[in-house]
Amino acid sequence: MMKLLLPLFLSLFILEGCATPQWSLSKADRESIRSVILANHEYLPLMKRTPASEGHRAVGGLIGNSMAASVEAREGKVLTESFGLPDFGSLIFDGFVERFQREFPNWPWRAEKTLIDDEYHPSDSSTHLLTLHVISIHVSNSCGLSTMTIAKMLTPKGSVVWEKGYQYRTKDFSRLYSLQELEADNGKLLKQELAIAAERTVSDLILHLKGGPSARALPDPSRLK
């Protein structure tokens, strides 16, 4: 049970954390890359924050947080199925793969076809692993749509040589929509925001991997453990 609840608790609290360092890819590490496997990490589904879940969270503790997570997961599933919302993790991964092959033509690569977990290791002992991980996706009246994605590149020995996180919130772009607005017209506005969030996330990650500046600091998940 705790194994299932921990990711949900993380998604509940992750926006309250502190900034974590972004690891740029050094020249030496960049030149050492012979091939790259792109992989999509298992990710949480859409969570919908409601007055009921906020009430449970206010209680705090294991019981309150568990009830809040359950409510938000259930409401998010209903929202996703009712409106036929796109899979955000797939939007991120497909967009990244498309940009990666254009922006890094000198790196041979292949995409892992299935979702991976923390135990995954490439069978090729000479390849780097680049993972994409959507660690939080919420809709709420306070933030509109809020997503958070972390990308990492690991050496064949498992050392992290690049890491970048990106958080998207509609309110940060002067587009603070209520849940009612996001859900209107069969979720039309929410679908648009998901597409925008994916595009901005992919662009930021690719820019940073190429050596560009970070767009936004990312709350540190380690502070929440």
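Bear in mind the structure is a predicted one, so any value in this text is a computation, not a measurement. For every chain, the first residue of the written sequence is number 1, and numbering continues from 1 along that sequence. Owing to the predicted nature of the model, reporting of local features is limited to residues with pLDDT of at least 70; listing and counting of side-chain atom pairs is limited to 80 or more, with chain, interface and lining totals taken over all residues. Processing note: side-chain calculations cover all non-hydrogen atoms of the structure and skip hydrogens and water entirely.

### Overview of the overall build of the protein
Right, so step 1: Counting secondary structure elements, the protein contains six helices and eight strands.
Right, so step 2: For helices the rule is a DSSP run of H or I covering at least 4 residues; for strands it is a run of E covering at least 2, with both sets numbered from the N terminus onward. Ordered by position from N to C terminus, the α and β elements of the protein give α-β-α-β-β-α-α-α-β-β-β-β-α-β.
Right, so step 3: Residues counted as buried form 48% of the 225 residues belonging to the protein.
Right, so step 4: A separation of at least 24 residues holds for 76% of the contacts in the protein among residues at least 6 apart in sequence.
Right, so step 5: Split by element, the accessible area of the protein, about 11400 Å² in all, is 55% carbon and sulfur. Here's how the labels work: a residue is buried when its accessible area is under 20% of the maximum for its type, exposed when over 50%, partly exposed in between, all with a 1.4 Å probe on protein chains only. For this analysis, residues touch if any pair of their heavy atoms sits within 4.5 Å. We get accessible surface area from the Shrake-Rupley algorithm with a probe of 1.4 Å; when it comes to residues, only the shown protein chains can shield them.

### As for the packing of helix 5 (residues 88-103) against helix 6 (residues 179-209)
Right, so step 1: Helix axes use the C-alpha atoms of the stretch in contact, all axes being lines fitted to C-alpha atoms, and the angles between their N-to-C directions lie in the range 0 to 180 degrees. At a minimum axis separation of 9 Å, helix 5 and helix 6 run at an interaxial angle of 40 degrees. Viewed along their axes, helix 5 and helix 6 adopt a mutual orientation that is oblique. As helix 5 runs across helix 6, the sense of the crossing is right-handed. Along its contact with helix 5, which presents Phe88, Leu91, Ile92, Gly95, Phe96, Arg99, Phe100 and Glu103, the element helix 6 presents Leu194, Ala197, Ala198, Thr201, Val202, Ser203, Leu205, Ile206 and Leu209. The cut-offs work like this: below 35 degrees is roughly parallel, past 145 is roughly antiparallel, 65 to 115 is roughly perpendicular, and the gaps in between are oblique. It is the rotation of the near helix from the far one that decides the hand of a crossing: anticlockwise by less than a right angle makes it left-handed, clockwise makes it right-handed.

### Some points on the confidence of the model for the protein
Right, so step 1: The quantity known as pLDDT measures the predictor's confidence residue by residue, on a range of 0 to 100. Per-residue pLDDT for the protein has a mean of 86; in total, 85% of the residues score no lower than 70.
Right, so step 2: Between the elements of the protein, mean pLDDT differs from a low of 44, seen in strand 8 (residues 218-219), to a high of 98, seen in strand 2 (residues 36-40).
Right, so step 3: Considering only residues more than four positions removed or in separate chains, one finds that residues 1-18, a stretch of pLDDT under 50, has 43 contacts.
Right, so step 4: With pLDDT under 50 throughout, residues 215-225 is counted as low confidence; its partners more than four residues away or in other chains account for 41 contacts.

### Observations regarding a nonpolar patch on the surface
Right, so step 1: Patch definition: residues above 30% relative accessible area lacking any salt bridge, with like charges linked at up to 9 Å and the nonpolar side chains Val, Leu, Ile, Met, Phe, Trp and Tyr linked at up to 5 Å. Note on definitions: salt bridges are taken to be side-chain nitrogens of Lys or Arg within 4 Å of carboxyl oxygens of Asp or Glu. A contiguous nonpolar patch, built from Leu62, Ile63 and Met67 and spanning about 320 Å² of accessible area, is present on the exposed surface.
Right, so step 2: Looking at where Leu62 falls in the secondary structure, it is placed in helix 4 (residues 61-83).
Right, so step 3: On the accessibility criterion, Leu62 (51% relative accessible area) is exposed.

### Quick look at the layout of surface pockets
Right, so step 1: For cavity detection a 1 Å grid was placed over the protein atoms alone, and a set of points counts as a cavity when a 1.4 Å probe fits there but cannot get out; an open set counts as a pocket when protein lies on both sides within 12 Å along at least five of seven lines, with lining residues being those that have an atom within 4 Å of a point. Grid points are joined across faces, edges and corners, and a volume is the space filled by probe spheres set on the points. The calculated volume of the second largest pocket comes to roughly 230 Å³.
Right, so step 2: Around the second largest pocket, the lining is made up of 15 residues, and of these Pro45, Leu46, Thr80, Asp87 and Phe88 lie nearest the centre.
Right, so step 3: With three residues, the single largest contributor to the lining of the second largest pocket is helix 4.
Right, so step 4: In terms of residue class, the lining of the second largest pocket is made up of 10 nonpolar, three polar and two charged. For this classification, the nonpolar set comprises Ala, Val, Leu, Ile, Met, Phe, Trp, Tyr, Cys and Pro, the charged set comprises Asp, Glu, Lys and Arg, and every other residue, Gly included, is treated as polar.

### With respect to the pairing of strand 6 (residues 144-154)
Right, so step 1: Judged by how many residues are buried, strand 6 sits mostly within the fold: 10 of 11 residues are covered.
Right, so step 2: A pair of strands is labelled paired if DSSP reports no fewer than 2 bridges between them. Relative to strand 6, strand 5 (residues 128-140) is paired through 11 bridges, and the arrangement is antiparallel. Paired with Leu129 across the bridge in strand 6 is Leu154.
Right, so step 3: Taking the residues that link successive antiparallel strands as the turn, the strand 5-strand 6 hairpin has three residues.
Right, so step 4: Relative to strand 7 (residues 160-169), strand 6 runs antiparallel, the two being bridged by nine bridges. Paired with Thr149 across the two strands is Tyr166, which belongs to strand 7.
Right, so step 5: Hairpin connection between strand 6 and strand 7: a loop of five residues separates the two successive antiparallel strands, and Gly158 in this loop has a positive phi of roughly 95 degrees.

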